[in-house]
Amino acid sequence: MEALNGREVVESLQVSSLTPGCHEFWFRPSTNATGQGWLLPVFVKKGHQPGRAIVITAGVHGDELNGVLTAQKLMAELRDSEIEGSVMVVPEINQSGINASTRHFIPSDPDAPPVDLNRVFPGKEKGSSAEQYIYSIWHKLLMPNAEKAIDLHTQTKGAEYPLYVFADYRIPASVEMARWMAADAIMDDPGDPGILETVWNQNGIPSITVEVGTGKLMQLDLVERAVQGVLNILKAENILSGEPVKQDEEPCEGKALTSIRAHSGGYFIPQVAMGQRVKKGELLVIQHDSFGQDCARYLAPCEGYVLSKNLDPLREPGALLVRLLHD
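Residues numbered from 1 in each chain as written. Predicted model: local features only at pLDDT ≥ 70, side-chain atom pairs only at ≥ 80, totals over all residues. Heavy atoms only, no water.

### Comments concerning the state of the cysteines
Operational definition: We call a pair of cysteine sulfur atoms a disulfide when they lie within 2.5 Å. Accessible area is worked out with a 1.4 Å probe on protein chains only. A residue is then buried under 20% of its type maximum, exposed over 50%, and partly exposed in between.
In total, this model carries 0 disulfides according to the counting rule given. In this model Cys252 remains outside any disulfide bridge; the closest cysteine sulfur is found in Cys302, 11 Å from its own. The exposure class of Cys302 is buried, given its relative accessible area of 16%.

The following block contains the structure:
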């Protein structure tokens, strides 16, 4: 049995075969170009009584660290808790991206471009290095151990989100999980090919994606809210004892996004706040030129909820300014 820092190194895992209690492993999905194994931390809490099997993932994008912090805090919450069923937490899916402080998986092959891992699930057994990496994670770690799933993210660096959930409204169990998150906003999203949430749902495992604020920016208030939302779900599933806590204010729910992008280069001066509800024609952004004079004004093309706005004031043509969530 191979071990590292007192934790067993495994290449597959069946939670059903584990004894009740806490378990920590290193999961090795594949090797890098020098033959060293990628090692993903895996935490499992298994109850003495049967119940739901939940899998929680984070770090699919390497610069989205509030999701990783949320997963780590959940592990701390679960260590000394009595549960029914099982919870598996994989807080660092994209080891390459996390170490490089980038969203993408970075192959060593000079001919291979960076890869967005959340576009290649469930991977390919004989594919590229990124596809093989994901194939092993999906088939040997994630898929065998879940009845429901939660994937933790943030907005990519340079733009901000509130606490925000993607859920496929065709799946009632996913919608229920999304509403227990006590988020600011929920989008009815049927999903795109290759995304972890989509692949979970396609395999009959209800799933949601939770966005915990902004990439590469520590936001402990949103982390704490995300932790409490996941604990709500675990209580609603009778994994944890206690009643889930309902939020005071209902989230904004929508099914469409409208992105307002720069028509020309200039400096972005937002005129709206995150979470603000705007009317059609309302001023969203003023853009200044290099002399500090107005060069463009951007109005809301529809009524909506300010779901995202950029943090970098310098915007070139086509760059995102503000994104609205609406019906």
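From this point, the narrative continues.
### Some points on the nonpolar core
Test applied: Throughout, nonpolar core names a set of buried Ala, Val, Leu, Ile, Met, Phe, Trp, Tyr and Cys residues whose side chains join them through atoms within 4.5 Å. Runs of H or I in DSSP of at least four residues are treated as helices and runs of E of at least two as strands, each being numbered from the N terminus. Residue contacts follow a heavy-atom distance rule, with two residues in contact if any of their heavy atoms lie within 4.5 Å.
Ile56, Ile150, Met181, Ile208, Val210 and Leu234 are the most contacted members of the largest nonpolar core, which totals 36 residues. Elements supplying a minimum of two residues to this core: β5 (49-58), α1 (65-79), β6 (84-90), β7 (148-155), β9 (163-167), α4 (172-180), β11 (207-214) and α6 (220-236). Those residues in contact with Met181 that lie beyond four places of it in its chain are Leu163, Val165, Ile208, Val210, Arg225, Ala226, Gly229, Val230 and Ile233. Of all hydrophobic cores here, the second largest spans 33 residues; its members include Val42, Val115, Leu142 and Leu196.

### Considerations on the sheet that holds β9
So the rule is basically this: Whether two strands pair comes down to DSSP finding at least two bridges between them. What counts as an axis is a line fitted to C-alpha atoms, over the stretch in contact for a helix, and the angles between N-to-C directions run from 0 to 180 degrees.
What the 11 strands build is an open sheet, ordered β1-β2-β3-β4-β6-β5-β7-β11-β9-β10-β12; its pairing is mixed. The sheet is open, and its two edges are formed by β1 (3-4) and β12 (252-254), each paired on a single side. Relative to β7, β5 runs parallel, the two sharing 5 bridges. Counted as the bridge partner of Thr57 is Asp151 from β7. Helix-sheet contacts for α6 involve β5, β6, β7, β9 and β11, and the interaxial angle to β11 is about 165°.

### Section: α4
In an α-helix there are 3.6 residues to a turn, and that puts residues three or four apart on one side. All of the buried residues in α4 are Ala173, Ser174, Val175, Met177, Ala178 and Trp180. Buried residues in α4 make contact with β7, β9, β10 (185-188), α5 (196-202), β11 and α6. Looking one or two residues past α4, Ala182 carries a phi angle of roughly 55°, positive in sign.

### With respect to the side chain of Asp116
Heads up, the condition is: Throughout this description, a polar contact denotes any pair of N or O atoms lying within 3.5 Å of each other; where both atoms belong to protein, one of them has to be capable of donating a hydrogen while the other can accept it, and for residues adjacent in sequence the pair is counted only when both atoms sit in side chains.
By the element assignment, Asp116 lies in the loop between α2 (95-100) and α3 (129-142). Judged by its relative accessible area of 13%, Asp116 is buried. Side chain to side chain, Asp116 and His61 meet in a polar contact 2.7 Å long. Only 3.4 Å separates the side chain of Asp116 from the side chain of Arg103, close enough to count as a polar contact.

### Quick look at the pattern of salt bridges
The test is simple: What counts as a salt bridge is simple: a side-chain nitrogen of Lys or Arg found within 4 Å of a carboxyl oxygen of Asp or Glu.
Here the structure, examined in full by the defined rule, presents 16 salt bridges. Salt-bridge contacts for Lys73 lead to Glu224; the nearest nitrogen and oxygen are separated by 3.7 Å. Highlighted residues: Lys73 in helix α1 and Glu224 in helix α6, separated in sequence by 151 residues. Classification of Lys73 by relative accessible area gives partly exposed; the value is 33%. Given a relative accessible area of 32%, Glu224 falls into the partly exposed group. Asp168 is the salt-bridge partner of Arg170, the closest N and O atoms lying 2.7 Å from each other. We classify Asp168 as buried; its relative accessible area is 3%. Because the salt bridges share partners, they merge into one network encompassing Arg52, Glu147, Lys148 and Glu237.

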